[in-house]
Amino acid sequence: MSVVRVLALLLVAAAAAVPAPARVAAQGACAAERFTKNRVYAACSDLPTLGASVHWTYDPAASSLSVAFVAAPPSAGGWVAWGLNPTGGGMDGAQALVAAPGSGGAYGVQTYAISGYSVGAPAPIAYKTSDLAAEVGADGRVQMFGKLELANGTGEVNQVWQVGRVSGGSIAPHSMATANKDARGKLNLLTGQSTAATGGGSVLRKKNTHGILNAVSWGILLPMGGIVARYLKTFKSADPAWFYLHVACQLIGYGVGVSGWATGIHLGNLSKGITYSLHRNIGITVFALGTLQIFALFLRPKPDHKFRPYWNAYHHSVGYTIIILGIVNIFKGMTILGVEQKWKTGYIIAISILGGVAVALEAITWSIVLKRRKTEDKNYNGNGNGQLPLSM
């Protein structure tokens, strides 16, 4: 075999031995992107949403990942983020790099260990990082760089990316548009294959459903039922309609609340390793007390029974406890989901309206009761028949 032929075979073999990521780098619009300081990466991928791209060089032997993320914020001076999620496919649990402008306008990079659905404060992440930097490219997009030390044997990772505005020097929540919600997927560091997330929208819908069901049930219907029971029974013309209205509000609220509680249990099973202990424990307590109230309804003594005052005291105290814990837990859930402020404001307005109605009815019913007592006192003093006035 001639020397020329041997050299040709060696060249072919060398070309075939080039890792797949290096070949990927020659494909897509990301291949034309250039970086300062002679930064060059073995592979790149155009991400499916937000016009973003990710470049990387991965050393499996050292489990070292050098990465560059490129994206355009929704407005000048906004932030961009890219991260890996070792526990799931979404934002919750992501170990993120976030590039945002500092007080002088220059971009810097900070790490965020995201828990729940709000960014929180900068904090160390699960991966050792180095060479963190960011700058604005010639095309106006933000380029973020970093080096991460991954776990041994890492091949495919869950990646998330995002963009948003900076307000008052702080990172503002990102948009809830479809492109933002779909900014996640899988990335194979060895082959260069990048796939969009599947099923994430379904989980998000379940979380939203869980929140809505519980807000309507424990947070609105049950307080309404409590208001009906406390105040409408004072009006003689509302008897016995107030009782059936009260029972209807509580039963419907309980039924909807059970659906929301069951959805929460299902979400917990889908999120192995992620536990919101306080939110979960309050939810379990509310469900248990609500169930106890339903069963207690069948054990309600007659109005003239000697145990009725004790039953009333139990029923009222447990009922108010459920309402208070339910409202507190709704706000805890909103914090976990990282909902937009408008939803919190809307619920606060709804609760405030119910509270205002309760305060107004408290004043009205007390005036009615006091007038009624005065009338009964006059009748008692005038007739002298030995009958005591009716109690409230």
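What counts and how
Residues numbered from 1 in each chain as written. Predicted model: local features only at pLDDT ≥ 70, side-chain atom pairs only at ≥ 80, totals over all residues. Heavy atoms only, no water. Helix = DSSP H or I, 4+ residues; strand = E, 2+ residues; numbered from the N terminus. Buried < 20%, exposed > 50% of the residue type's maximum accessible area, 1.4 Å probe, protein only. Contact = heavy atoms within 4.5 Å. Areas by Shrake-Rupley, 256 points an atom, 1.4 Å probe, with all protein chains shown as cover. Salt bridge = Lys/Arg side-chain N within 4 Å of Asp/Glu carboxyl O. 1 Å grid on protein atoms, 1.4 Å probe; cavity = no way out; pocket = protein on both sides within 12 Å on 5 of 7 lines; lining within 4 Å. Points joined across faces, edges and corners; volume = space filled by probe spheres on them. Nonpolar A, V, L, I, M, F, W, Y, C, P; charged D, E, K, R; others polar. Pairing = 2+ DSSP bridges. Core = buried A, V, L, I, M, F, W, Y, C linked by side-chain atoms within 4.5 Å. Disulfide = S-S within 2.5 Å. Polar contact = N/O pair within 3.5 Å; in protein donor to acceptor, adjacent residues only side chain to side chain. Axes fitted to C-alpha atoms, helices over the stretch in contact; angles between N-to-C directions. Expected span 1.5 Å × (residues − 1). Parallel < 35°, antiparallel > 145°, perpendicular 65-115°, else oblique. Left-handed = near helix turned anticlockwise from the far one by under 90°.

Let's talk about the overall build of the chain
Across its full length, the chain holds eight helices and 13 strands. Across the 392 residues of the chain, 37% fall into the buried class. Sequence-distant contacts, at least 24 apart, represent 57% of the contacts inside the chain between residues at least 6 apart. Working note: accessible area of the chain is about 21700 Å², and carbon and sulfur atoms make up 63% of it.

Let's talk about the pattern of salt bridges
Once the charged atoms of two side chains with opposite charge are near each other, the side chains can pair. Scanning all chains against the criterion turns up three salt bridges. A salt bridge links E33 to R141, with the nearest nitrogen and oxygen atoms 2.3 Å apart. In this pair, E33 is assigned in the loop between α2 (20-24) and β1 (43-46) and R141 in the loop between β7 (128-136) and β8 (142-149), connecting sequence segments 108 residues apart. For R141, a relative accessible area of 16% translates into the label buried. Between D139 and R141 there is a salt bridge, with its nearest N and O atoms 3.0 Å apart. Look at the salt bridges and you will find they share partners, linking E33, D139 and R141 into a network.

Describing the layout of surface pockets
Put simply, the second largest pocket is a space of about 1400 Å³. Put simply, the parts of the chain that give the lining of the second largest pocket at least two residues each are α4 (200-231), α5 (241-270), α6 (277-297), α7 (308-337) and α8 (341-383). If one sorts the elements of the lining of the second largest pocket by residue count, α7 sits on top with nine residues. Taken together, the residues that form the lining of the second largest pocket break down as 22 nonpolar, twelve polar and ten charged.

Considerations on the pairing of strand β4 (residues 79-84)
Among the six residues of β4, six are classified as buried, and the element is accordingly described as predominantly covered. Residues W79, A81 and G83 point to one face of β4 and V80, W82 and L84 to the other, with burial holding for every one of them. With six bridges joining them, β4 and strand β9 (residues 156-164) adopt antiparallel strand pairing. Paired with W82 across the strands is W161, a residue of β9. Direction of pairing for β4 relative to strand β5 (residues 95-101): antiparallel, over a ladder of five bridges. Considered in β5, the bridge of L84 is made with Q95.

So, the nonpolar core
With 30 residues, the main nonpolar core has F69 and W82 as its most contacted residues. Elements supplying a minimum of two residues to this core: β2 (53-59), β3 (64-71), β4, β5, β6 (107-113), β8 and β9. By residue number, the principal contributor to this core is β3, which donates four residues. Residues contacting W82, with those up to four places away along its chain left out, are V54, L65, V67, F69, A96, L97, M144, Q159, V160 and W161. Counting 15 residues, the second-largest nonpolar core is a separate cluster that includes W218, I282, F287 and V318.

Some points on the state of the cysteines
Counting across every chain of the model gives one disulfide. The residue that forms a disulfide with C30 is C44, at a sulfur-sulfur distance of 2.0 Å. Looking along the S-S bond of the C30-C44 disulfide, the torsion reads about 70°, which is the right-handed sense. Here the residue C30 occupies a position in the loop between α2 and β1, and C44 occupies one in strand β1, the gap between them amounting to 14 residues. Both residues of the pair, C30 and C44, belong to the buried class.

Side note on the side chain of R141
A distance of 3.0 Å separates the side chain of R141 from the backbone oxygen of G51, its partner in a polar contact. Beyond its immediate chain neighbours, meaning those up to four positions away, R141 contacts E33, G51, V70, A71, A72, E135 and V136.

With respect to the sheet that holds β7
What the five strands build is an open sheet, ordered β1-β2-β3-β8-β7; its pairing is antiparallel. Each edge of the open sheet is held by one strand with a lone partner, namely β1 and β7. Taken over all neighbouring pairs, the strand axes of this sheet differ in orientation by 15° on average, direction set aside. Here β2 runs beside β3; their pairing, made up of seven bridges, is antiparallel. The residue of β3 that forms the bridge with W56 is V67.

Some points on α7
Look at α7: 43 Å from first C-alpha to last across 30 residues, which is about the 44 Å you get at 1.5 Å a residue. Where α7 terminates, the next one or two residues include G338, which has phi positive at roughly 65°.

Description of the packing of α6 against α7
Closest axis-to-axis distance for the α6/α7 pair is 9 Å, and the angle between their directions is 150°. When the axes of α6 and α7 are compared, the pair comes out roughly antiparallel. Note that α6 runs across α7; the crossing there is left-handed. Of the residues assigned to the contact of α6 with α7, the class counts are 14 nonpolar, eleven polar and one charged.

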